[in-house]
Amino acid sequence: MLTIYNCIANAHDFRLVGLAAIICAIASLAAINLLRHARNTTGQMRLVWLAISAISTGFGIWATHFVAMLAFSPGMPSGYNIVLTVVSLVAALLLTGAGLAVSLIPNFRAALWIGGAVVAGGIAAMHYTGMAAFELQARINWDTTLVIVSIVLGAVLGAIALPVGLHGSTLRWKISGALLLTLAICSHHFTAMSAVTIIPDPAIAVSPLTVPAGWLALGVSLISFAIIGLALAGIVLDIRDRRRSDLEADRMLGLANAAVEGLLVCDGDTIVTVNTSFATLAGSSAELLIGDRLQDCFPDEAARTQIMSQPDKSVEANLRQRNGKTIPVELILRGIDFAGRPHQVVAVRDLRERKQAEQHIRYLAHYDSLTGLPNRGTFHDRIDQEIATLSKDRSLAVLALDLDQFKQVNDLFGHAAGDKVLKSVTARITALLGEGEMMARLGGDEFAILLPNLTSPAAASQFADRIVEAFRSKDATFELGSVTASIGIALCPDDSSDRDTLLACADTALYRAKSEGRATWRFFEPAMGESVRDRRLLEHDLRNAIDANQLKVVYQPQGTMESGRVIGFEALLRWNHPVRGNVRPDIFIPIAEETGAILSIGEWVLRAACREAATWKHPLTIAVNVSAVQIHHDSFVTTVHEILLETGLPPHRLELEITETALIRDFDRALLTLRQIKALGVHIAMDDFGTGYSSLSNLRAFPFDKIKIDGSFIRSVNTNSQAAAIVRAVVGLGRGLGLPVLAEGVETEAEFAFLRDEKCDEAQGYLLGRPADIGNFREVTQGVTSPAGDIAISA
């Protein structure tokens, strides 16, 4: 190092050394800028800019050398061989161009390092060729060690200069690369000059063809100005390129920020820019994400490799947010031209909502959405598993559970209220389940319970008792009045070892429980099967009875007690089954109410009765029974009004008979419905008074026009003093309230005489006439005889 210092300090003009350094720095900066510009172009333009960069760099190296040589003062005549001087320039241009070309080889990771080393080789070739062109009256001896050091030093610094200068897009990287290239040229030159020992020798003559130092100074000056011009041109191009890149980046960023999906642009695995959506998705800011590696955001190496190797193909991965949490995303990579160079853009789609939807779909495939209970398919799978693993000394029970009168709950209070009941039922029963036991919702108000690993059937009956008791407890109101449940129990292997058969057995036992009073449970018995099948067939046939013309309306006269005059008829429904014959109303009416068929059947009866009554010559009344299901249906009042308009029957001739049971389910709704019926002009009678929930407050609250005493009291008036007292009290109550009282089921003269003595207003029963086709009463309805005929009208 002292040798180098002595060389610079004692043998060189500092002014020219400084000039050489400035020329070298400007040339190096121009070389980096021009090479970056060449790197951003393609095709023939890349070759053009590569040539310009090579010429600028080669001339810069050559000019630096000869300006520095002009600063060297050997103290004796000297000159420069023109041929070797030109050769040194050509060597600088060719080797520099080769090195820069190597650095631009795509997809070659060591290209920049090797290219920098080749440029350093051009520096060495130019220097030592230029030294060979230096002639003076002396012999030149070389220090081999320093020669090698100069070459190695230049190669190392040159190999580092290009990767640094082309690493980033900021000015810092450009200046760093230019300084390293300047240091490579200068360090090589002065180390090589330190290796020179000049021994004066007057015998050696300087060739007359050498170029004097002054002329060379002029040439080098011109070349230096050319280098400066190229450098300035490179800077101008760089500034213009940067502005274009900034404008393009702003445009792309504006478009990217308008996108809902996250977008990031990367150069290799380095993030160059991101849009707002991606920054929000990553829980960070765009400024913090720029410069990060892809692995910082997407830790799954397999996913990164897949999107890089398969562009335009979606890949699912996890995005690591700034807080360390990961979220599922979908990635799609495509190549784009960004800032004049090839880049990759990655579209990032948030999959959280889709994953949640998929999870919800999978949940719905196995569970009921309302109650959260396993559904039918899941329940079936569990039964199959338990049957397959059932040990010989154990059994399992399947309980089929159905809510009693749940359809009426929906009709009275709406489906939203029914859903609340189902949720309450689910919570109450699941609280009773033990380990391994399972409850499922099969549909509607149908539930099933699996009790595995039982030691005796008594365990199943005890569990059923607990369910029934839970419904009977005081707080088991379910927000909408009392709700009960019927339960059927089937055992495996006693009843069956087949899942479908076992469920059918439990369902059969459930029907038996419902038919025997409800709010109870029954074990399956083989004899049950026939009765349940019979009931189901009856339900099916009843639904088709209207279309099959199996239903008909018969009429029973109603008359006054005082004169015996017929004042109207009650319409009664009959079902003539093609196989079963006449089915009693007390059998099929409850089934119609349970299944909901009563709505269509009741409307058919009301329309048929009104149509018939509208044809009568005498304005007799027509009484029609109305079910509780009809009263609480939203369209009942509208239906009555439409039928009256359709048939032309005056409203005051229609009398609707309603039991008190229909009123207590929803007092307010029933009161509103009856007031609307009254507003139409239709009369309302309280049917079967004295049975069920008879209440004096109902007579005051509801707009009744008549009271009908149930026939069970009338049949006992002459044999049971209590029955007689009740009838006497009801007749007096009606007289006090100003309401006529009609006695049903009058069959004997004695019953009639009792009622006449008690001043009952009207009567109906076999004594007046049996229910029959209306044709049997034409003399009354059409005026063939006066309606005020004998009290006992023959049917």
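What you see is a predicted model, and the numbers here were worked out from it, not measured in a lab.

Asks: Summarise unusual backbone geometry; cite the residues concerned and give the values.
Replies: In this structure, the amide linkage connecting Cys-492 to the following residue, Pro-493, adopts the cis form with an omega of 15°. If you trace the backbone, Pro-493 turns up in the loop between strand S13 (485-492) and helix H18 (499-515). One non-glycine residue with positive phi stands out, namely Asn-549, at about 55°. Examined against the element boundaries, Asn-549 turns out to sit in the loop between helix H19 (528-543) and strand S15 (551-560). A positive phi is found at Lys-759, a non-glycine position, where the angle reads about 60°. Topologically, Lys-759 is positioned in the loop between helix H29 (749-757) and strand S23 (762-764).

Asks: Lay out the pattern of salt bridges in plain terms, naming residues and giving numbers.
Replies: Applying the stated criterion across every chain yields a total of 28 salt bridges. Here Asp-500 makes a salt bridge to Arg-499, at a shortest N to O gap of 2.9 Å. For Arg-499, a relative accessible area of 22% translates into the label partly exposed. In this structure, Glu-762 engages Lys-706 in a salt bridge whose closest nitrogen and oxygen atoms are separated by 2.8 Å. In this pair, Glu-762 sits in strand S23 while Lys-706 sits in strand S21 (residues 706-709), placing the two residues 56 residues apart along the sequence. Salt bridges sharing common partners tie together Glu-316, Arg-354, Lys-355 and Glu-358.

Asks: Residues and numbers for the nonpolar core, please.
Replies: Within the largest apolar cluster, 79 residues are counted, with the highest numbers of intra-cluster contacts made by Phe-569, Ile-622, Val-624, Leu-654, Leu-656, Val-727 and Leu-755. It is helix H21 (residues 598-613) that contributes the most residues to this core, eight residues altogether. What Leu-656 contacts, discounting residues up to four positions off in sequence, is Leu-606, Val-624, Val-626, Phe-636, Ile-677, Val-682, His-683, Ile-684 and Ala-685. Within the second largest apolar cluster, 30 residues are counted, among which are Leu-399, Leu-451, Ile-489 and Leu-491.

Asks: So what's going on with the packing of aromatic side chains? Which residues, and what values?
Replies: Tallied over the entire structure, the rule returns eight aromatic pairs. Note on Phe-278 and Phe-298: the rings are 6.3 Å apart at their centroids and 50° apart in plane angle, and the pair reads as tilted. One end of the pair, Phe-278, is in helix H9 (residues 276-282); the other, Phe-298, is in the loop between helix H11 (294-297) and helix H12 (301-309), and 20 residues separate them in sequence. For the pair Phe-278 and Phe-298, one class covers both residues: buried. Between Tyr-555 and Trp-616 the ring centres are 6.3 Å apart and the planes differ by 75°, which places this aromatic pair in the edge-to-face class. Of this pair, Tyr-555 sits in strand S15 while Trp-616 is found in the loop between H21 and strand S18 (621-625), placing the two residues 61 residues apart along the sequence. Residue classification places Trp-616 among the buried positions, given a relative accessible area of 5%.

Asks: Describe in detail the sheet that holds strand S12 (residues 446-454), supporting the description with residues and values.
Replies: Read from one edge of the open sheet, five strands run S11-S12-S10-S13-S14, paired in mixed fashion. Each having just a single partner strand, strand S11 (438-443) and strand S14 (521-523) make up the two edges of the open sheet. On average, each strand axis in the sheet is tilted by 20° relative to the strand beside it, whichever way the strands run. Where S13 lies against S14, three bridges are found, and the strand directions are parallel. Each bridged residue has a counterpart across the sheet, and for Ile-487 the counterpart in S14 is Trp-521. Across the sheet, H18 is in contact with strand S10 (395-403), S13 and S14; its angle to S13 comes to roughly 145°.

Asks: Tell me about the pairing of S18, and name the residues and values.
Replies: One ladder, built from four bridges, connects strand S16 (residues 566-577) with S18; its direction is parallel. Along S18, the bridge assignment pairs Glu-570 with Ala-623. Pairing of S18 with strand S19 (residues 654-659) involves four bridges; the strand directions are parallel. Opposite Val-624, over in S19, you have Leu-656 as the bridge partner.

Asks: Which residues make up H21, and what values do they have?
Replies: An ideal rise of 1.5 Å per residue puts 22 Å on 16 residues; H21 measures up with 22 Å between its terminal C-alpha atoms. When we look at burial in H21, the residues that qualify are Ile-598, Ile-601, Gly-602, Val-605, Leu-606, Arg-607, Ala-608, Ala-609, Cys-610, Glu-612 and Ala-613.

Asks: For the packing of H21 against helix H23 (residues 636-647), give the residues involved together with the corresponding values.
Replies: Two numbers describe how H21 lies on H23: the axes approach to 9 Å, and their chain directions differ by 30°. Regarding the angle of H21 to H23, the classification is roughly parallel. Here H21 runs over H23; the crossing is right-handed. Residues Glu-603, Leu-606, Arg-607, Cys-610 and Arg-611 of H21 form the contact with H23, whose own contacting residues are Thr-639, Val-640, Ile-643, Glu-646 and Thr-647.

Asks: Give me the packing of helix H4 (residues 82-103) against helix H5 (residues 111-132): which residues, what numbers.
Replies: At their nearest, the axes of H4 and H5 sit 7 Å apart, and the two run at 175° to each other. Here H5 runs roughly antiparallel to H4, going by the angle between their axes. Considering only residue class, the contact of H4 with H5 consists of 16 nonpolar, nine polar and no charged.

Asks: Lay out the pairing of S13 in plain terms, naming residues and giving numbers.
Replies: Counting buried positions along S13 gives eight out of eight residues, so the element sits mostly inside the fold. Burial along S13 is two-sided: the face carrying Ala-485, Ile-487, Ile-489 and Leu-491 and the face carrying Ser-486, Gly-488, Ala-490 and Cys-492 are both buried. Inspection of the sheet shows S10 paired to S13 by eight bridges, in the antiparallel sense. From the neighbouring strand, Ala-400 faces S13, where its bridge partner is Gly-488. Crossover handedness for the path S13 to H18 to S14: left-handed.

Criteria and thresholds
Residues numbered from 1 in each chain as written. Predicted model: local features only at pLDDT ≥ 70, side-chain atom pairs only at ≥ 80, totals over all residues. Heavy atoms only, no water. Helix = DSSP H or I, 4+ residues; strand = E, 2+ residues; numbered from the N terminus. Salt bridge = Lys/Arg side-chain N within 4 Å of Asp/Glu carboxyl O. Buried < 20%, exposed > 50% of the residue type's maximum accessible area, 1.4 Å probe, protein only. Core = buried A, V, L, I, M, F, W, Y, C linked by side-chain atoms within 4.5 Å. Contact = heavy atoms within 4.5 Å. Phe/Tyr/Trp six-rings, centres within 6.5 Å; stacked < 30°, edge-to-face > 60°. Pairing = 2+ DSSP bridges. Axes fitted to C-alpha atoms, helices over the stretch in contact; angles between N-to-C directions. Expected span 1.5 Å × (residues − 1). Parallel < 35°, antiparallel > 145°, perpendicular 65-115°, else oblique. Left-handed = near helix turned anticlockwise from the far one by under 90°. Nonpolar A, V, L, I, M, F, W, Y, C, P; charged D, E, K, R; others polar. Right-handed = clockwise from strand over helix to strand, strands pointing away.

That is the geometry; function is a separate question.
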